[in-house]
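Reading the structure
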Amino acid sequence: MGEHLALDVGGALAALVLVAALLVVCMLVRRWLFTRGGGTVECSLRELSPEGGAPGVWRLGIGRYKGDELHWHRVFGFRRRPRQVIHRRGLVVSNRRRPGPQEAEGLLPEVSVIEVRDGGLTVELAMSAAALTGFLAWLEAAPPGLPVDLHPPE
């Protein structure tokens, strides 16, 4: 009976390792599919409460520029549709800062955090200096007549 139990436990562990490996491969393939077309940037996102309550948690993701929208997808997920869509039209960018010591543990190294308001949605984006430069260039490249409120970062 002990041998059968050991085989059952060993088989269950092997199946668990196989499932975990398949999940990692799926995530890597998903990431490759997102980034292969270009126009993508690694950035973390967290939602801010409109009432000024506690902010949400930081989530690692990939932003993809699609015309006048930035589609944000979680790195660890299976949805093909973006979790957030940030519209360039009427976008307000403010409050550039460095992450605090506790936040920095959950973010990529050497990032800046900016606050972005798109209508009723207020989020913070954490991205590298190069990604931030690209984001600001995308905003400034808005077609004529497209209102964008860009507060230059300090």
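Description of the structure in this document. Everything quoted here is computed from the prediction, not taken from an experiment. Residue positions are counted from 1 within each chain, in the order its sequence is given. The predicted nature of this model means local features are confined to residues of pLDDT at least 70 and side-chain atom pairs, given and counted, to a pLDDT of 80 or more, with totals for whole chains, interfaces and linings taken over all residues. The side-chain figures draw on all heavy atoms in the structure; neither hydrogens nor water molecules are used.

What about the nonpolar core?
In terms of nonpolar packing, the biggest core is built from 20 residues, with Ile86, Leu91, Val116, Leu125 and Phe135 touching the most fellow members. The greatest single-element share of this core, amounting to six residues, is contributed by helix H3 (residues 129-140). Residues within four places of valine 116 in sequence aside, it is in contact with Ile86, Leu91, Val92, Val93, Leu121, Thr122, Val123, Leu125 and Phe135. Residues enter a nonpolar core if they are buried and are Ala, Val, Leu, Ile, Met, Phe, Trp, Tyr or Cys, with the set joined through side-chain atoms within 4.5 Å. Burial classification: accessible surface area is computed with a 1.4 Å probe over protein chains only, and a residue below 20% of its type maximum counts as buried, one above 50% as exposed, and the rest as partly exposed. One finds Trp58, Val111, Val113 and Ala126 within the second-largest nonpolar core, a separate group that totals five residues. Every helix listed is a DSSP run of H or I at least four residues long, and every strand listed is a run of E at least two residues long, numbered separately from the N terminus. By definition in these notes, contact holds between two residues if any of their heavy atoms fall within 4.5 Å.

Some words on unusual backbone geometry
Positive phi, normally seen in glycine, also occurs at asparagine 95, with a value near 60°. By the element assignment, asparagine 95 lies in strand S5 (residues 92-97). Of note, glutamate 110 is a non-glycine position whose phi angle comes to about 55°, a positive value. Turning to its location among the elements, glutamate 110 is positioned in the loop between helix H2 (101-104) and strand S6 (111-118).

Focus on the side chain of arginine 88
Within the secondary structure, arginine 88 sits in the loop between strand S4 (84-87) and S5. By relative accessible area, which is 6% here, arginine 88 ends up buried. Polar contacts, as counted here, are pairs of nitrogen or oxygen atoms within 3.5 Å of one another; within protein the pair requires one atom able to donate a hydrogen and one able to accept it, and residues that are adjacent in sequence qualify only if both atoms are side-chain atoms. Within polar-contact distance, the side chain of arginine 88 engages the side chain of aspartate 68 at 2.4 Å. Separated by 2.4 Å, the side chain of arginine 88 and the backbone oxygen of tryptophan 138 make a polar contact.

Examining the pattern of salt bridges
Should a side-chain nitrogen of Lys or Arg be within 4 Å of a carboxyl oxygen of Asp or Glu, the pair is scored as a salt bridge. Applying the stated criterion to the full structure yields five salt bridges. Between arginine 46 and glutamate 103 there is a salt bridge; the shortest N-O distance is 3.0 Å. You can see arginine 46 sitting in strand S1 (residues 40-47) and its partner glutamate 103 sitting in helix H2, a full 57 residues away along the chain. Of the two residues examined, arginine 46 and glutamate 103, each falls in the buried class. Salt bridges sharing partners connect three or more residues here, namely Arg46, Arg97, Glu103 and Glu124.

Things to note about the packing of aromatic side chains
Working definition: rings of Phe, Tyr and Trp (its six-membered ring) pair if their centres are within 6.5 Å, and the pair is stacked with planes under 30 degrees apart, edge-to-face with planes over 60 apart, and tilted otherwise. On inspection of all chains with the given rule, the structure shows two aromatic pairs. A centroid spacing of 5.1 Å and a plane angle of 45° characterise the contact between tyrosine 65 and tryptophan 138, whose relative ring orientation is tilted. Here tryptophan 138 lies in helix H3 and tyrosine 65 lies in strand S2 (residues 59-66), a separation of 73 residues in the sequence. With relative accessibility at 23%, the residue tyrosine 65 sits in the partly exposed group. Residues phenylalanine 135 and tryptophan 138 carry aromatic rings whose centres are separated by 5.8 Å and whose planes lie at 40° to one another, so their mutual orientation is tilted. Of this pair, phenylalanine 135 and tryptophan 138 both sit in helix H3, three residues apart, which is roughly one turn of that helix. Under the relative-accessibility criterion, phenylalanine 135 is labelled buried at 0%. A network of ring pairs unites the aromatic residues Tyr65, Phe135 and Trp138 as a single cluster.

Describing the environment of proline 50
Mapped onto the secondary structure, proline 50 falls in the loop between S1 and S2. Proline 50 sits 70 residues away from glycine 120 along the chain, and the two C-alpha atoms are 7.6 Å apart.

A word on the pairing of strand S3 (residues 69-74)
Two strands qualify as a pair provided that DSSP identifies no fewer than 2 bridges between them. Summarising the sheet, S2 and S3 pair through six bridges and their orientation is antiparallel. Looking at S3, one finds that glycine 63 is bridged to tryptophan 72. Here S3 runs beside S4; their pairing, made up of four bridges, is antiparallel. Residue pairing in the sheet places glutamate 69 in a bridge with histidine 87 of S4.

In short, shape yes, function no, at least from these values alone.
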